[in-house]
Amino acid sequence: RKIDDPIIRDANDPAAIGQALELLRAGQCVAVPTETVYGLAADATNGDGVARIFAAKGRPSFNPLICHVPDMGMADRLAFIDPLSEALMAAFWPGALTIVCRLREESGIHPLATAGLDTVGLRSPVGVMSALARALGQPLAAPSANKSGRVSPTSAAHVAASLEGRIPLILDGGAARVGVESTIVRVEADHIALLRPGGISRGAIAQASGRPVRTPSRGASNPIVTAPGQLTSHYAPTGAVRLDAEHVEPHEWLIAFGPRLPEGHDAARGIINLSPSGDLREAAANLFGALAAIDRPAIRAIAVMPIPDEGLGEAINDRLKRAAAPRD
Ligand code: TXA
Ligand code: MG
């Protein structure tokens, strides 16, 4: 790569895809768009590549990464897929659902990517991430393409703001359509465990599986609670975040939802409405862009209107709670 090559290249440009493949084959990592958020991808079977992801993100290396596959065929080569997991893949792939399955010993996935667990989170995303995994013939390990603990990126510019100078290439596929990370589930004997709410709603999973969908209780036997995205303080902007605001103070910014704004809004420092019409899908797509926009030292206080906890609202409220959590 020449030094003056632009780091952001069009994901629809075959030459850019070629460069991305070359980098992945050489054990480098590349930022790649998906329908949920941008991912920082490396060949999951290449320890150097996976290590570069952790280095670029500044992420603790004991946290497992999602492995992205082009189809159920590759999923089956990597892990044991029980019938219910298979039904969920058939219903939601390609899409915003990650399914935790038991790893096959001969999968070739580097233990750094799975944090040494005997399970792997598998997802087949829409678009270029899957195309790259297919062309490579290997799964792509990819966390969200941001510095650890910060807001997940939903645009190439957003990735560049976080990781410029730390990674060789960002493929630009435009704004992420879903805007929150994938839903993570694990099939249990008599129910589906919802490990992280995300772009596919709890209700949709219950309907497709015919099983109850339960949030596991936090405990030592549950490795996910120690991983990023599950840490209590995460996605944090610089300013203090106040949730379920029924009114706005004059020194606050307002993150709004729906057509009816709370008392005091006309005196607020600024307003970002996630969805003026009150559409949860639109609000999810706009969430991380809004959090990134208010992540400025000059913005000290942020009030967030209540968001209904149904459908994609569950994922939105989960991320907002983490953004508002006490920091260290
Ligand atoms: O939409 C998404 O999921 C995005 C895009 C890039 O695919 N990725 C993403 O990755 O959000 P990340 O690393 O930010 O979050 C991955 C989550 C972590 O919380 C981790 O604990 C969980 O997936 N995870 C991965 N493998 C797991 C496993 N074997 N068991 C339990 N949880 C796992
Ligand atoms: Mg993340």
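Owing to the predicted nature of the structure, the values given are computational and were not obtained by experimental measurement.

Before we go on, may I ask you to explain the overall build of the protein chain in this structure?
In terms of helices and strands, the protein chain carries ten helices and 16 strands. Compactness check: the protein chain gives a C-alpha radius of gyration of 19 Å against a globular reference of 20 Å for 328 residues, within 12% of the reference. When its C-alpha atoms are laid out on the principal axes, the protein chain stretches across 60 × 55 × 35 Å. When the 328 residues of the protein chain are sorted by exposure, 47% land in the buried category. When contacts within the protein chain are restricted to residue pairs at least 6 apart in sequence, those whose partners lie at least 24 apart make up 65%.

Looking at this structure, I do not really get the sheet that holds strand S14 (residues 253-256). What am I missing?
Strands pair in a sheet through their backbones, by hydrogen bonds, and they do so in one of two ways: parallel or antiparallel. The four strands lie next to each other as S13-S16-S14-S15, forming an open sheet whose pairing is parallel. Of all the strands in the sheet, just strand S13 (240-242) and strand S15 (270-273) have a single pairing partner and so form its edges. Recorded for the sheet is a direction-independent mean angle of 20° between the axes of neighbouring strands. Note that S14 and S15 share four bridges and pair parallel. Across the sheet, Leu-254 pairs through a bridge with Ile-271, a residue of S15.

I tried to follow the domain arrangement of the protein chain on my own but got confused; where do I start?
Note on interface size: it is often stated as the accessible area lost on association of the parts. With domains assigned, the protein chain is organised as domain 1 (8-226) and domain 2 (240-324). Each of domain 1 and domain 2 has a C-alpha centre, and the two are 27 Å apart. Its residues placed into classes, the side of domain 1 that touches domain 2 shows five nonpolar, eight polar and two charged.

What's the story with unusual backbone geometry in this structure? I'm lost.
With the exception of glycine, most residues fall at negative phi, and the peptide bonds are largely trans. With omega at -10°, the peptide bond leading from Trp-93 into Pro-94 counts as cis. By secondary structure assignment, the location of Pro-94 is in the loop between helix H4 (83-92) and strand S6 (97-103). Of note, Ala-115 is a non-glycine position whose phi angle comes to about 55°, a positive value. Looking at where Ala-115 falls in the secondary structure, it is placed in the loop between helix H5 (111-114) and strand S7 (119-123).

Any chance you could explain the environment of Gly-149 here in plain terms?
Relative to the assigned elements, Gly-149 resides in the loop between strand S8 (140-141) and helix H7 (156-163). Since 17 C-beta atoms lie within 10 Å of it, Gly-149 is described here as partly exposed. On a C-alpha basis, the gap between Gly-149 and Ile-167 in space is 18 Å, while along the polypeptide they are 18 residues apart.

It is not clear to me how the pairing of strand S10 (residues 183-187) should be interpreted in this structure. Could you clarify?
Here S10 lies mainly inside the structure; five of its five residues are buried. Neither face of S10 is open: one carries Thr-183, Val-185 and Val-187, the other Ile-184 and Arg-186, and all of them are buried. Here four bridges tie S6 to S10, and the two strands are oriented parallel to one another. Across the sheet, the residue bridging to Ile-99 is Val-185, located in S10. With four bridges connecting them, S10 and strand S11 (residues 192-196) associate as antiparallel partners. Residue Ile-184 lies in a different strand from S11, and its bridge partner there is Arg-196.

What exactly am I supposed to notice about the nonpolar core here?
Inside soluble globular proteins, nonpolar side chains tend to come together where they are buried. Counting residues in each nonpolar core, the largest one holds 97 residues, and the members touching the most others are Val-30, Ala-31, Ala-41, Cys-67, Ala-141, Ala-284 and Ile-316. In terms of residue count, the dominant contributor to this core is helix H9 (residues 280-293) (nine residues). Residues from two domains meet in this core; each of domain 1 (8-226) and domain 2 (240-324) gives at least three.

About the thresholds
Residues numbered from 1 in each chain as written. Chains lettered and ligands numbered in written order. Predicted model: local features only at pLDDT ≥ 70, side-chain atom pairs only at ≥ 80, totals over all residues. Helix = DSSP H or I, 4+ residues; strand = E, 2+ residues; numbered from the N terminus. Rg over C-alpha atoms; globule rule 2.2 N^0.38 Å. Buried ≥ 20, exposed ≤ 12 C-beta atoms within 10 Å, placed from the backbone. Contact = placed C-beta atoms within 7 Å. Pairing = 2+ DSSP bridges. Axes fitted to C-alpha atoms, helices over the stretch in contact; angles between N-to-C directions. Domains from an automatic or database assignment. Nonpolar A, V, L, I, M, F, W, Y, C, P; charged D, E, K, R; others polar. Core = buried A, V, L, I, M, F, W, Y, C linked by C-beta atoms within 7 Å.

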